[in-house]
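# Close look at the chain arrangement
So the chains spell out like this:
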Amino acid sequence: MIAAPFGAKIFETCSKAEIHRMPLAPQRRFVTPEPDETLEALAARALPDEPLTPAMERLRGWNLHIFAMRRPRGLLLGSDVVFVEPPRPSGSRP
C-alpha cells in the first residue's frame with residue numbers, strides 16, 4: 001500500500017511469487033473520457049481519421065458495457081475504459 005494525501009489509500013497489485021512473473025500483454029487500445037466529454041467529442045479525439053457518425057457507431061459496438069447497460073444510456077464517466085479498436089484474435093500480439 002502507498003501512502004497518499006488526505007488519508008486516501010492506494011493499493012498496488014503484485015505477484016506473491018516473484019519467480020513466476022507474468023507480464024500482462026496489451027489486449028486492446030483504449031482511452032478514458034475527459035471531464036464532460038460527449039460521445040461525439042470522444043469519437044473525434046479517438047478516431048480522428050474516420051467520419052464522425054461511423055466512428056461513433058464503432059465505439060458503440062466495441063463498448064457494449066457502456067452503451068447497452070448504462071442508464072442513462074451512453075453516459076460517459078471518467079473511470080470508463082473505452083475501447084478504440086475491436087477485440088484482437090486470441091494469441092495475437094500488437
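Predicted model, so just to flag it, every value in this text is computed and none were measured. (Residues numbered from 1 in each chain as written. Predicted model: local features only at pLDDT ≥ 70, side-chain atom pairs only at ≥ 80, totals over all residues. Heavy atoms only, no water.)

### So, the overall build of the protein chain
This is how the line gets drawn: What counts as a helix is a DSSP run of H or I of at least four residues, what counts as a strand is a run of E of at least two, and both are numbered from the N terminus. For every residue, the accessible area (1.4 Å probe, protein chains only) is compared with the maximum for its type, and the residue is labelled buried under 20%, exposed over 50%, or partly exposed between those bounds. Contacts between residues were defined by any pair of non-hydrogen atoms, one from each residue, lying within 4.5 Å. Accessibility throughout is a Shrake-Rupley quantity obtained with a 1.4 Å probe, and a residue counts as covered only by protein chains that appear here.
The number of helices and strands found in the protein chain is three helices and four strands. Taken from the N to the C terminus, the helices and strands of the protein chain come in the order β-β-β-α-α-α-β. Taken across its 94 residues, the protein chain has 23% of its residues classed as buried. Intrachain contacts of the protein chain at a sequence separation of at least 6 include 44% that bridge at least 24 residues. By element, 61% of the accessible surface of the protein chain is carried by carbon and sulfur atoms, the whole surface being about 7500 Å².

### Things to note about the packing of helix 1 (residues 39–46) against helix 2 (residues 52–62)
Counted only if it meets this: Interaxial angle, 0 to 180 degrees, is taken between N-to-C directions of lines fitted to C-alpha atoms, where a helix line uses only the stretch in contact. Here roughly perpendicular refers to angles of 65 to 115 degrees, roughly parallel to angles under 35, roughly antiparallel to angles over 145, and oblique to all remaining angles. Each residue is assigned to one class: nonpolar for Ala, Val, Leu, Ile, Met, Phe, Trp, Tyr, Cys and Pro, charged for Asp, Glu, Lys and Arg, and polar for all the others, Gly among them.
The contact between helix 1 and helix 2 brings their axes to 9 Å, and the two run at 100°. The angle between helix 1 and helix 2 falls in the class roughly perpendicular. Across the interface between the two elements, Leu-39, Glu-40, Leu-42, Ala-43 and Ala-44 from helix 1 touch Leu-52, Ala-55, Met-56, Leu-59 and Arg-60 from helix 2. By residue class, the composition of the contact of helix 1 with helix 2 is eight nonpolar, no polar and two charged.

### Some remarks on the pattern of salt bridges
Under the convention used in this document: By convention in these notes, a salt bridge is any Lys or Arg side-chain nitrogen within 4 Å of a carboxyl oxygen on Asp or Glu.
Taken as a whole, this structure holds five salt bridges when the rule is applied. Among the ionic pairs, Glu-37 bridges to Arg-45, the shortest N-O distance being 2.8 Å. For Arg-45, a relative accessible area of 36% translates into the label partly exposed. Note that Arg-58 is salt-bridged to Glu-50, the shortest N-O span being 3.3 Å. Relative accessible area serves as the criterion here: at 41%, Arg-58 is assigned to the partly exposed category. Shared partners join several salt bridges into a network, and the residues in it are Arg-29, Glu-85 and Arg-88.

### Overview of the nonpolar core
Stated precisely, the cut-off is as follows: By convention a nonpolar core is built from buried Ala, Val, Leu, Ile, Met, Phe, Trp, Tyr and Cys residues, the set being connected through side-chain atoms within 4.5 Å.
Leu-42, Leu-47, Leu-59 and Val-82 are the most contacted members of the largest nonpolar core, which totals 15 residues. For this core, the elements supplying multiple residues, two or more each, are helix 1, helix 2 and helix 3 (64–67). Ignoring any residue separated from it by four or fewer positions in sequence, one finds Leu-47 in contact with Leu-42, Ala-55, Leu-59, Trp-62 and Val-84.

### Some details on the packing of aromatic side chains
For the record, the criterion: A pair of aromatic rings is counted whenever rings of Phe, Tyr or Trp (Trp by its six-membered ring) have centres within 6.5 Å, and the orientation is called stacked for planes under 30 degrees apart, edge-to-face for over 60 and tilted otherwise. A ring is considered to have a charge above it if a Lys NZ or an Arg CZ atom is located within 6 Å of its centre and within 35 degrees of its normal.
Under the criterion given, the structure shown has zero aromatic pairs. For the cation-ring pair, Arg-28 lies above Phe-83, with the distance from its terminal atom to the ring centre recorded as 4.0 Å.

### Section: the side chain of Asp-80
Counted only if it meets this: Whenever a nitrogen or oxygen atom comes within 3.5 Å of another N or O atom, the pair is scored as a polar contact, on the condition that within protein one atom can donate a hydrogen and the other can accept it, and that pairs from neighbouring residues in sequence are kept only if both atoms are in side chains.
If you trace the backbone, Asp-80 turns up in the loop between helix 3 and strand 4 (82–83). A polar side-chain atom of Asp-80 sits 2.8 Å from the main-chain amide nitrogen of Leu-77. Look past the residues within four positions of Asp-80 in its chain and what remains in contact with it is Val-31, Thr-32, Pro-33, Ile-66, Arg-70 and Leu-75.

### Details of unusual backbone geometry
Notably, Asp-36 is not glycine yet its phi reads approximately 60°, a positive angle. Along the polypeptide, Asp-36 turns up in the loop between strand 3 (30–31) and helix 1.

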